Amino acid sequence: MTYGDEKAFRAWCATAEPVTQPGLVNLHCLPPLLRAEIQWGLHAHAQSAQHSEWTTNGIRNLVRHCWRGSITSLMDLDDADYKDLTRKQMDSEVRKIIREVVNGLRCVYYSPSDTKDAGFLETDHFGRRFKNAQSHFDISAVPQRWLRDLLWDHLAEWLRSPQCPRTRGPFDQMRRAAVELGVFLQADAPDAGRDPTVLRREHAERFVADQRHRARHSLPSLGMVLVDGRSPTVTDLSCQFVFNGARKLLYSAITAGQAERLGIDTGFLTAIPFGGTGIKQRSRNPFSDDVARALTDETNLRRLEELDLNDRGLRDIWETIVATGRRCSEVVGLRLNCIGRYRGLAMLWHDQTKVGNYNEGIRIPEPVYHRLDARRTKTLQLFEKRYGRTPATAERPNLALFPSRIRNPNGRQPISYGHFNQRFKTWIADLDLGGAYVAHQARHTLATNLLRAGATLTHIRRYLGQLSERMAEHYVKITNSDLEDVLNTVWVAGPGAPNPGELLSGDTTPMDRETALGLALDLSRRSTPADGGFCTYQPVVNGGACPWKLDCENCDNFVLSGADLLYWRRKAEQWRSIAENAPDDATADYLHTVFEPTARAIKGLEQALAALGVLDEALTLDLRRPQDYFHRTWSTAFRARDLAALQAPDDATGQP
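Note that the structure is a prediction, hence the values are computed from the model and not measured. (Residues numbered from 1 in each chain as written. Predicted model: local features only at pLDDT ≥ 70, side-chain atom pairs only at ≥ 80, totals over all residues. Heavy atoms only, no water.)

Visitor: Honestly, the overall build of the protein in this entry has me stumped. Any pointers?
Guide: Check the secondary structure of the protein and you find 29 helices and 9 strands. Residues classed as buried in the protein amount to 41% of the 656 residues present. Surface accessibility of the protein: about 36800 Å² in total, with carbon and sulfur atoms responsible for 50%. (Helix = DSSP H or I, 4+ residues; strand = E, 2+ residues; numbered from the N terminus. Buried < 20%, exposed > 50% of the residue type's maximum accessible area, 1.4 Å probe, protein only. Areas by Shrake-Rupley, 256 points an atom, 1.4 Å probe, with all protein chains shown as cover.)

Next up, the structure:
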């Protein structure tokens, strides 16, 4: 290389940008520390299983920005330094790369004790990383150093413990408790609460009173700030979290010996009351009929599809939620091979444990099966378009059915619940249904409809994946009119059947797991009302004469329904009274023997109603009174075909 003026040449070299070459990032122009940080950031980024996408141009733009600004370390950059820059000055990808590298470098530059002094905590120092969260956890909003140190020690102890919370929620609640207490002490206590030795019981009591006052009048929080800059409203539920968190935090100072070291008054530490184990939340109601029809209308579903700009399957998710009653997170997290056929039955396999076990299967309608199958084809096409190949056999079980566009280098990351929920809210607002509705109400709607169809709480609990019937009751809404329908669909075999009292509205035959999971409740039966129950003999149901001369109690086609429980209880009392007044023991034993099949049928009916959870309600509803069957209106009957064949005379006036 030749040049005429070395000084001018060197000056040109210092200002000229490197020549761009495909696939090459030139770091020679950067200071050694900055160069090492970028190299480390690239290495750490590649090691992450779920990382965002960095393009070569984005990395070059980062290098160019640092070179032009004479930056010596990425740690010198902060969000405040470039938040006002235009996209031309610094594009969004450069901001993203800087933020991710700086978040990783904090664990390198800061030791745990350094983070305590700086007012934050790195979960990576303890080998923990919460789902969809960064390692960095900021606690600098707590104004008092002594209170912030107590919070840091408490959170660090959680991270070291084998019982560390699975999510970041408890950490956020504990931080909120410390922030609320610290900001109140800053405004109310002497020396802004910085000296813990002057704090007394009355300061804690005034803090409690202030929180309750704000919750009662729906006032904003003193210390918390949302992402949009607003202060959240204090509620009874937030008071519960704040009181329990602050109480636990201050008590930990006593057990750890920090209270004695800091000289904090015991009255202050123990004055905050217990907030309670949980405020009973108002259970969500099922969708009303008109809302349910609107949310499944084809025209409205197309409008939801239009909100899915990148075709990530929002409509498929919603229709699956409606048809199966699964939680939103369970449907959003479905895997590519989540559907299949077993003995010809369409099945859906999902994660019901919330820990990644995709081993729960339920039967699904054919339209939902075909929709999910079409979505699977689209997902495979997206994979092939992005990677230029079809997924290997070992990759397919872990691929997401609804893959995310961000932080998804291998196709395993599904779209977030927040993404679906945001689009769903927009859709609901556009439909103008006259209320605020959430997708989870579809789960309540399905549970209530199952109960109306005659399913027991045990069936509902197993289908919805609940741990207890009490939790299933939380999803079930039933009114008196619905109860009558439910009672009429609970059938047991009558006294004349081979097994009196056997439940007929459900199949109890042992079967293999796949078949059992694929079975759906079939409670539709053709019948006609009879004295104390229903006749299921089809010739009689179709209008024919009874060949057994209406001897219902000794007929195996006669069934008892839940609506007949009181009638048969009266029958039992009547037979018992007759047996007690029998002239001798032999006659009494004979009467008991005759009535024994009926007693077994009644017992089976009570067990069925108890399993359904409506036994007490059935005993309070007198749907069929014995006298009704002997009333002239009930005892006088005509065949429908005979009535239909009648022709009115020409001079009929319609008067009786």
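Text resumes after the structure shown.
Visitor: Any chance you could explain the sheet that holds strand 5 (residues 360–363) here in plain terms?
Guide: Taken in spatial order, the 3 strands make up an open sheet running 3-4-5, and their pairing is antiparallel. Only two strands of the sheet have a single neighbouring strand rather than two, namely strand 3 (339–342) and strand 5. Sheet twist, expressed as the mean angle between neighbouring strand axes with direction ignored, is 40°. Both strand 3 and strand 4 (residues 345–350) contribute to a ladder of 4 bridges, which runs antiparallel. Bridge assignment links arginine 341 to a residue of strand 4, and that residue is alanine 346. Where helix 17 (residues 366–387) meets the sheet, it contacts strand 3 and strand 4, and its direction lies at approximately 130° from that of strand 3. (Pairing = 2+ DSSP bridges. Axes fitted to C-alpha atoms, helices over the stretch in contact; angles between N-to-C directions. Contact = heavy atoms within 4.5 Å.)

Visitor: What exactly am I supposed to notice about the environment of glycine 119 here?
Guide: Inspection of the secondary structure puts glycine 119 in the loop between helix 6 (112–118) and strand 1 (120–122). Apart from residues lying up to four places away in sequence, glycine 119 is in contact with Asp138, Ile139, Ser140 and Arg148.

Visitor: Explain a nonpolar patch on the surface to me, please; I cannot follow it from the model alone.
Guide: On the surface, a cluster of nonpolar side chains totalling about 360 Å² of accessible area is made up of Leu33, Trp40, Val108 and Tyr109. Here valine 108 is to be found in helix 5 (residues 92–109). (Patch = residues over 30% accessible without salt bridge, like charges linked within 9 Å, V, L, I, M, F, W, Y side chains within 5 Å. Salt bridge = Lys/Arg side-chain N within 4 Å of Asp/Glu carboxyl O.)

Visitor: Sorry if this is basic, but what is going on with unusual backbone geometry here?
Guide: Glycine aside, residues mostly have negative phi angles, and peptide bonds mostly take the trans form. Despite not being glycine, serine 70 shows a phi value in the positive range, around 55°. Among the secondary structure elements, serine 70 is positioned in the loop between helix 3 (56–68) and helix 4 (79–82). Among the residues examined, serine 70 registers a relative accessible area of 60% and is labelled exposed.

Visitor: What exactly am I supposed to notice about the packing of helix 7 (residues 145–160) against helix 10 (residues 236–255) here?
Guide: Between two packed helices, the angle of one axis relative to the other and the distance separating the axes together describe the packing. Close contact between helix 7 and helix 10 brings their axes to 10 Å; oriented N to C, the two are set at 90°. Comparing the axis directions of helix 7 and helix 10 gives the class roughly perpendicular. In this structure, helix 7 contributes Leu147, Leu150, Leu151, His154 and Trp158 to the contact, and helix 10 contributes Lys248, Leu249, Ser252 and Ala253. When the residues that make up the contact of helix 7 with helix 10 are grouped by side-chain class, the tally is 6 nonpolar, 2 polar and 1 charged. (Parallel < 35°, antiparallel > 145°, perpendicular 65-115°, else oblique. Nonpolar A, V, L, I, M, F, W, Y, C, P; charged D, E, K, R; others polar.)

Visitor: Looking at this structure, how should I read the packing of helix 8 (residues 169–188) against helix 10?
Guide: The N-to-C vectors of helix 8 and helix 10 enclose an angle of 85°; their axes lie 8 Å apart at closest approach. Of the possible angle classes, the one that applies to helix 8 and helix 10 is roughly perpendicular. Mapping the contact onto sequence places Gln173, Met174, Arg176, Ala177, Ala178, Glu180 and Leu181 in helix 8 and Ser238, Phe241, Val242, Gly245, Ala246, Lys248, Leu249 and Leu250 in helix 10.

Visitor: For this particular structure, what's the right way to read the nonpolar core?
Guide: The nonpolar side chains of a soluble globular protein tend to be buried with one another. Counting residues in each nonpolar core, the largest one holds 48 residues, and the members touching the most others are Trp146, Leu151, Leu155, Leu185, Phe207, Phe268 and Ile272. The contact partners of leucine 151, leaving out residues within four places of it in the chain, are Ile139, Val142, Met174, Arg175, Ala178 and Leu249. Counting residues in hydrophobic clusters, the runner-up holds 36 residues, among them Leu304, Leu334, Ile364 and Leu431. (Core = buried A, V, L, I, M, F, W, Y, C linked by side-chain atoms within 4.5 Å.)

Visitor: Explain the environment of alanine 608 to me, please; I cannot follow it from the model alone.
Guide: Mapping alanine 608 onto the fold places it in helix 26 (residues 585–612). The buried category is assigned to alanine 608, whose relative accessible area is 9%. Remark: the alpha-carbon pair of alanine 608 and serine 561, spanning 47 residues in sequence, is separated by 10.0 Å.

Visitor: Help me out: how do you make sense of the packing of aromatic side chains in this one?
Guide: To describe a pair of aromatic rings, you give the distance between the ring centres and the angle between the ring planes. Enumeration over the complete set of coordinates arrives at 15 aromatic pairs. Between phenylalanine 287 and tryptophan 318 the ring centres are 6.3 Å apart and the planes differ by 75°, which places this aromatic pair in the edge-to-face class. Placement of phenylalanine 287 in the loop between helix 12 (266–270) and helix 13 (289–295) and of tryptophan 318 in helix 15 (residues 314–324) is noted, with a sequence separation of 31 residues between them. With respect to class, phenylalanine 287 is no different from tryptophan 318; both count as buried. Every member of this aromatic cluster is reached through a ring pair, and the members are Phe287, Trp318, Phe420, Phe424, Trp427 and Tyr437. Between the NZ or CZ atom of arginine 175 and the centre of the ring of phenylalanine 137, over which it lies, the distance is 4.1 Å. Of note, arginine 341 hangs over the ring of tyrosine 369, and the distance from its end group to the ring centre comes to 4.4 Å. (Phe/Tyr/Trp six-rings, centres within 6.5 Å; stacked < 30°, edge-to-face > 60°. Lys NZ or Arg CZ within 6 Å of the ring centre and 35° of its normal.)

Visitor: How should I be thinking about the side chain of arginine 375 in this particular structure?
Guide: Position of arginine 375 relative to the elements: it lies in helix 17. A relative accessible area of 5% means that arginine 375 is categorised as buried. One polar contact links arginine 375 to aspartate 316, side chain to side chain, over a distance of 2.8 Å. With sequence-adjacent residues up to four places away left out, arginine 375 is seen in contact with Asp311, Arg312, Gly313, Asp316, Leu401 and Phe402. (Polar contact = N/O pair within 3.5 Å; in protein donor to acceptor, adjacent residues only side chain to side chain.)

Visitor: Which parts of the structure should I look at to understand empty space enclosed by the protein?
Guide: In this approach the atoms are scanned with a rolling probe the size of a water molecule, which exposes any empty space left behind. All chains considered together, the criterion is met by 3 cavities of 30 Å³ or more. Estimated volume of the largest cavity: approximately 190 Å³. What lines the largest cavity is a set of 13 residues, among which Pro18, Asn26, Arg60, Val63 and Arg64 lie closest to the centre. (1 Å grid on protein atoms, 1.4 Å probe; cavity = no way out; pocket = protein on both sides within 12 Å on 5 of 7 lines; lining within 4 Å. Points joined across faces, edges and corners; volume = space filled by probe spheres on them.)

Visitor: Would you mind showing me how to read the confidence of the model for the protein here?
Guide: Atomic detail in the predicted coordinates should be set aside for any region of low pLDDT. Residues of the protein with pLDDT of at least 70 account for 79%, and the chain-wide mean is 80. Between the elements of the protein, mean pLDDT differs from a low of 35, seen in helix 23 (residues 513–518), to a high of 95, seen in helix 7. Counting interchain partners and residues more than four positions distant, the pLDDT-below-50 stretch residues 506–525 has 27 contacts. Counting contacts from residues 625–644, a segment whose pLDDT is below 50, to residues more than four positions away or on other chains yields 17 contacts. (pLDDT = per-residue confidence, 0-100.)

Visitor: For this particular structure, what's the right way to read the pattern of salt bridges?
Guide: As a working rule, side chains carrying opposite charge can pair if their charged atoms are close by. Under the definition given, this model contains 27 salt bridges. For arginine 315, the salt bridge identified is with glutamate 319, shortest N-O distance 2.6 Å. Of this pair, arginine 315 and glutamate 319 both sit in helix 15, separated by 4 residues, roughly a single helical turn. Salt-bridge contacts for arginine 341 lead to glutamate 366; the nearest nitrogen and oxygen are separated by 2.7 Å. With arginine 341 in strand 3 and glutamate 366 in helix 17, this residue pair connects regions lying 25 residues apart in the sequence. Salt bridges here are not isolated pairs; linked through shared partners, they connect Glu298, Arg302, Glu305, Asp311, Arg315, Asp316, Glu319, Arg371, Arg375 and Lys378.

Visitor: Help me understand helix 17 in this model?
Guide: Note: α-helices contain 3.6 residues per turn, so residues at a spacing of three or four share the same orientation. Its 22 residues give helix 17 an end-to-end C-alpha distance of 32 Å, which sits within 8% of 32 Å, the value for a rise of 1.5 Å per residue. Those residues of helix 17 that sit buried are Val368, Tyr369, Leu372, Arg375, Arg376, Thr379 and Phe383. Looking down the long axis of helix 17, one finds its buried residues gathered within 125° of arc, a one-sided arrangement. Residues Pro367, Gln381 and Lys385 are exposed on helix 17 and point more than 90 degrees away from its buried face. Those residues of helix 17 that are buried lie in contact with helix 15, strand 3 and strand 4. Trailing helix 17 by a residue or two, glycine 388 shows a phi angle of about 75°, which is positive. (Expected span 1.5 Å × (residues − 1). Arc of directions from axis to C-beta.)

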